[in-house]
Amino acid sequence: MPEYRWPEIGTTSLIGKRINRVDGPEKVTGRAKYTYDLKRPGMLYGKMLRCPHAHARILSIDTSEAEKLSGVAAVHIVQEPGTEIQWAGDDVVAVAAVTEQITEDAIRRIKVEYEKLPHLVREEDLAKAGDRVKPFTEQVTGDPDQAFQAADTVVVEGEYGLPVVTHCCLEVHGQVAEWEGDRVTIYPSIQGVERVAGQYAQALGVPASNVRTLMQYVGGGFGSKVAADRWGTACAQLAKKAGKPVRLMLERKEDQEVAGNRPSDFARIKLAATRDGTITAWQSESWGTGGPGGGGSPPIPYIWQIPNQRKIHSAIATNCGPARAWRAPNHPQACYLTMCPIDDLAAKLNMDPLDLVVKNVSLLGPRAELYRQELAKAAELMEWKKNWHPRGDRSPGPMKRGMGLSLHTWGGGGHSSECQVSIHPDGSVEVSLCTQDIGTGTRTVLTIVTAETLGLPVEAIRLNIGDNRLPPSGNSGGSTTVGGVSSSTRRAALNALEQLFLTVAPSLGVSPEQLEAVGGQIRVKGDPTKSLSWKQATAKLGVASIKEMGKQPGPQPNPGELTSSGVGGVQMADVSVDVETGVVKVNKIVAVQDCGLIIDMKTAESQVYGALIMGICYSLMEERVMDQLTGRMLNANMEFYKLAGLADIGELVVHMWTDPEQQRRGVIGLGEPPVISPGAVIANAVASAIGVRVPYLPLTPPRVLAALEKGGMV
């Protein structure tokens, strides 16, 4: 059995380098086909009739007029009379017809009677939530009362909050379903090709072996595309009834309303420190919503192990589309609710917030020293000590400038994964596993790992993914993918290489353990004159291919430590605020990020750039707006649900922390952590610029101007 370890530091030709995405040409030329692009022979078009009420009971459904319409092939009732609907836009009836226009006409002919019930769709005011409030048990650590009352204590109090935001995937949710007898093939836009197959099987009442899921490209997910969903199984039901393939893709409005969101969180927070800046106590009352289920509690105070704490959280059940995992679930909220009060405490103490954080770095747990080093690097890249000023830019003119900082953490351990690597006699190499590339560069990582292990160029590797008939390899979510799939692929490639060595060794007159694969050759270690080209070596296989499996058991420690978990990261932001208009402009964000061994530096940096852009969006623009009267989302579109454009981004500086200790930790996921800090870091920079806290995200001009009216820079 080979030794399952990554190559020694400094010996790699591909791992850790800047490698272009292997699927880049397909994407930029349009050859890459997404679910939305699929057109199967005879395909029908499906759509949903959705409930217009935020809370209602279905009394009756009459689909007879829709069924009579020429061109309608199938109608499927998703929720029967008697069902209680919990949010506006929920699925009621699905229809498939030969054109989208006929499907829409049919939807309008369906008659549904509802009993309207009381609803709640706004959670910002805890006092107005009534019996929808579900308080958690109060948690107390140490003696917060005594800490707050100590003589040498400085206390800050404030209210902070983040609204619900939606996922805004470039490709909306949906799928194409196609039956052949009692077997169904689903082409979903999904983050879990393997997992969703079982969900379809259960919902459709067929054996799991009768469901095949295929997907090569997905236009974003961010945590929202992890389930078959009712619209997915309804699509399959329509296809079964019609005897033809059906495509059902959500409209943008539907996607915004019901296909997932990040929960809100609001909090009243009190924080204390001694006059020399030693943080001593925390108290918080927080609340938020993730829809009908209420939602979980944010992990506050985030990262900081403050000795004296009192906190209570209340989940508010609202009649809104339910929450789904949104890139680093609960962490952006917790980070914002923690780092903003700490920044306010620094202002009250007349301290540089960097000095306050460094002074209390011992409260950051086992990663404290790494945070200290990352803060120093970020400060160098931002020129923090040169440019920082006490809260409130006193320079003349309406443009005020300020800086803020934040830090974050995440797990990122690899999920369980199986991979098969095949070496064929003609020299070709295939890698097969049921994973998916949701845009993060999974294809590129897998080809790099295989090519590095076998001593080949990336172009020599053929990759098979996106098919649930391949070896199982889990969802793409929680930053678990790259650690899991790279580890199983490394194991499989090493196993296959060992078998090739066994075959080739007699020809070179040495034992298999004396061989290595380098530069397209199988050669004797220490004597490159004794070698065979890759194709010469594989030709000795005769007619039999090598097919070897590699298994990564999951995030738990394993021999060789190919993957581990636990990352940190530090960010700093420089912003300008126009105090006459309230417009916030991001000038620069510096992100210093660790994530263990980096397989491809280029795609790793790209992950951080994308996270920062997403962070600018939710910091300055994104907010779901609900109308309490109608219970509907008012901005379920791309006109009034704003996202950042190129001119809104500013300069982004990414520094990947790659010291030898990090590289020895193995591969750790990177998707989540860099999206956590932007809300806090930008909000703190705005407070630095205008001299007053804007308590709620997004930092829109009206909110900035309202804060200025309360005493900021004018």
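Here the structure is a predicted model, which means the values were calculated and not measured.

Digging into helix H8 (residues 331–348)
If you check H8, its first and last C-alpha atoms are 26 Å apart, about what 18 residues at 1.5 Å a residue would give, namely 26 Å. Most of H8 sits inside the fold, with 16 of its 18 residues counted as buried. Positive phi shows up at Asn350, right after H8, with a value of about 60°.

Topic: the packing of aromatic side chains
For the coordinates displayed, the defined rule picks out four aromatic pairs. Ring centres of Phe266 and Trp287 lie 6.1 Å apart, and the angle between their planes is 20°; on these two criteria the pair is classed as stacked. A residue pair is termed long-range when its members are at least 10 positions apart, and Phe266 in strand S16 (residues 265–274) and Trp287 in strand S17 (residues 279–288) qualify at 21 residues. Owing to a relative accessible area of 0%, Trp287 belongs among the buried residues under this scheme. Among the aromatic residues, ring-to-ring pairing joins Phe266, Trp287 and Tyr696 into one connected group. A cation sits over an aromatic face here: Arg247 above Tyr36, 4.6 Å from the ring centre. The lysine or arginine in question, Arg262, covers the ring of Tyr618, its NZ or CZ lying 4.6 Å from the ring centre.

As for the domain arrangement of the chain
Here the domain parsing of the chain yields domain 1 (35–118 + 168–258), domain 2 (326–411 + 566–711) and domain 3 (413–552). Of note, the centres of domain 1 and domain 3, computed from C-alpha atoms alone, are 40 Å apart. Each partner contributes to the roughly 1,400 Å² buried at the junction of domain 1 and domain 3, and carbon and sulfur atoms together form 39% of this total. When residues of domain 1 are sorted by the area they lose upon contact with domain 3, Gln191, Glu194 and Arg212 head the list and together hold 41% of the total. Connecting domain 1 to domain 3 are one salt bridge. Among the elements of the structure, helix H5 (193–204) and strand S13 (211–213) are those that each provide at least two residues to the side of domain 1 that touches domain 3. If you tally residues by element for the side of domain 1 that touches domain 3, the top one is H5, at four residues. Here the residues of the side of domain 1 that touches domain 3 sort into nine nonpolar, five polar and three charged.

Remarks on the sheet that holds strand S25 (residues 527–533)
Taken together, three strands build an open sheet; the order of strands is S23-S24-S25 and the sheet is antiparallel. A single partner strand is all that each edge strand has here, and the edge strands are strand S23 (515–518) and S25. When the angles between neighbouring strand axes are averaged without regard to direction, this sheet yields 35°. Bridge count for S23 against strand S24 (residues 521–524) is four bridges, and the pairing is antiparallel. Within the sheet, the bridge partner assigned to Glu516 lies in S24 and is Arg523. The strands that helix H13 (residues 481–508) touches are S23, S24 and S25; relative to S23, the one it contacts most, it runs at about 115°.

A closer look at the environment of Arg327
Checked against the element boundaries, Arg327 lands in the loop between strand S18 (308–316) and H8. A relative accessible area of 10% places Arg327 in the buried class. Taking the C-alpha atoms as reference points, Arg327 and Gly223, 104 residues apart in sequence, are found 6.0 Å from one another. One polar contact links the side chain of Arg327 to the main-chain carbonyl oxygen of Gln607, over a distance of 3.3 Å. A distance of 2.7 Å separates the side chain of Arg327 from the backbone oxygen of Gly671, its partner in a polar contact.

Description of the side chain of Asp574
Note that Asp574 resides in strand S27 (residues 569–578). The residues touching Asp574, leaving out its near neighbours within four places in the chain, are Met382, Arg401, Gly402, Met403, Lys585, Val586, Asn587 and Lys588.

Quick notes on the packing of helix H15 (residues 601–620) against helix H17 (residues 678–690)
Two measures define how a pair of helices packs: the angle their axes make with one another and the distance between the axes. Following both chains from N to C, one finds H15 and H17 inclined at 55°, their axes separated by 8 Å at the closest point. What the angle tells us is that H15 and H17 run oblique. Crossing hand, H15 versus H17: right-handed. Contacts between H15 and H17 involve Ala611, Leu612, Gly615, Ile616, Tyr618, Ser619 and Leu620 from the first element and Pro678, Gly679 and Ile682 from the second. Tallied by class, the residues present in the contact of H15 with H17 amount to seven nonpolar, three polar and no charged.

Things to note about the pairing of S16
On a regular strand, one side chain projects to one face of the sheet and the next to the other, so that they alternate. Across the 10 residues that make up S16, a large majority, eight, are buried. Here 10 bridges tie strand S9 (residues 153–162) to S16, and the two strands are oriented antiparallel to one another. Pairing of Thr153 across the sheet is with Thr274, part of S16. As defined by bridge partners, S16 adjoins S17 across eight bridges and the pair is classed as antiparallel. Residue pairing in the sheet places Ile269 in a bridge with Ser284 of S17. Counting the residues between successive antiparallel strands, the hairpin from S16 to S17 contains four residues, one of them, Gly277, with a positive phi of roughly 100°.

Describing the nonpolar core
One finds Trp304, Leu407, Ile682 and Ile690 to be the most contacted residues of the largest nonpolar core, which totals 104 residues. Filtering out sequence-adjacent residues up to four positions away, Leu407 remains in contact with Tyr302, Ile303, Trp304, Cys335, Met339, Val357, Leu364, Tyr371, Leu375, Gly569, Val570 and Ser677. Within the second largest apolar cluster, 46 residues are counted, among which are Cys419, Ile448, Ala493 and Ala496.

Overview of helix H10 (residues 368–382)
The first and last C-alpha atoms of H10 sit 21 Å apart over 15 residues, in line with the 21 Å expected at 1.5 Å per residue. Listed as buried for H10 are Ala368, Leu370, Tyr371, Glu374, Leu375, Ala378, Ala379 and Met382. Residue Glu383 follows H10 closely and has a positive phi angle near 55°.

Quick notes on the sheet that holds strand S29 (residues 651–657)
In space, the four strands of this open sheet follow the order S19-S27-S28-S29, with mixed pairing throughout. Strand pairing shows two members of the sheet lacking a second neighbour, strand S19 (399–407) and S29, which therefore form its edges. Between one strand axis and the next, the sheet turns by 10° as a mean value, whatever way the strands run. Contacting S19, S27, strand S28 (584–594) and S29, H10 runs over the sheet at an angle of about 140° to S28.

Comments concerning the packing of H8 against H17
For the pair H8 and H17, the least separation of the axes is 8 Å and the interaxial angle reads 25°. Regarding the angle of H8 to H17, the classification is roughly parallel. Note that H8 runs across H17; the crossing there is right-handed. Residue-level contacts link Cys335, Tyr336, Met339, Cys340 and Asp343 of H8 to Gly679, Ala680, Ala683, Asn684 and Ala687 of H17.

Focus: the environment of Leu49
Mapped onto the elements of the fold, Leu49 is located in strand S1 (residues 44–50). Judged by relative accessible area, which is 14%, Leu49 ranks as buried. For Leu49 and Gln628, which are 579 residues apart along the polypeptide, the C-alpha to C-alpha distance reads 22 Å. Not counting the four nearest positions on each side in its chain, Leu49 is found in contact with Asp90, Asp91, Val92, Val93, Ile107, Ile110 and Val112.

Topic: unusual backbone geometry
Following Ile300, the chain continues into Pro301 via a peptide bond in cis, with omega recorded as -5°. Inspection of the secondary structure puts Pro301 in the loop between S17 and S18. The step from Leu697 to Pro698 runs through a cis peptide bond, and the omega angle for that step is -5°. Here Pro698 shows up in the loop between H17 and helix H18 (701–709).

Cut-offs used in this document
Residues numbered from 1 in each chain as written. Predicted model: local features only at pLDDT ≥ 70, side-chain atom pairs only at ≥ 80, totals over all residues. Heavy atoms only, no water. Helix = DSSP H or I, 4+ residues; strand = E, 2+ residues; numbered from the N terminus. Expected span 1.5 Å × (residues − 1). Buried < 20%, exposed > 50% of the residue type's maximum accessible area, 1.4 Å probe, protein only. Phe/Tyr/Trp six-rings, centres within 6.5 Å; stacked < 30°, edge-to-face > 60°. Lys NZ or Arg CZ within 6 Å of the ring centre and 35° of its normal. Domains from an automatic or database assignment. Buried area = accessible area lost by both parts, 1.4 Å probe. Salt bridge = Lys/Arg side-chain N within 4 Å of Asp/Glu carboxyl O. Nonpolar A, V, L, I, M, F, W, Y, C, P; charged D, E, K, R; others polar. Pairing = 2+ DSSP bridges. Axes fitted to C-alpha atoms, helices over the stretch in contact; angles between N-to-C directions. Contact = heavy atoms within 4.5 Å. Polar contact = N/O pair within 3.5 Å; in protein donor to acceptor, adjacent residues only side chain to side chain. Parallel < 35°, antiparallel > 145°, perpendicular 65-115°, else oblique. Left-handed = near helix turned anticlockwise from the far one by under 90°. Core = buried A, V, L, I, M, F, W, Y, C linked by side-chain atoms within 4.5 Å.

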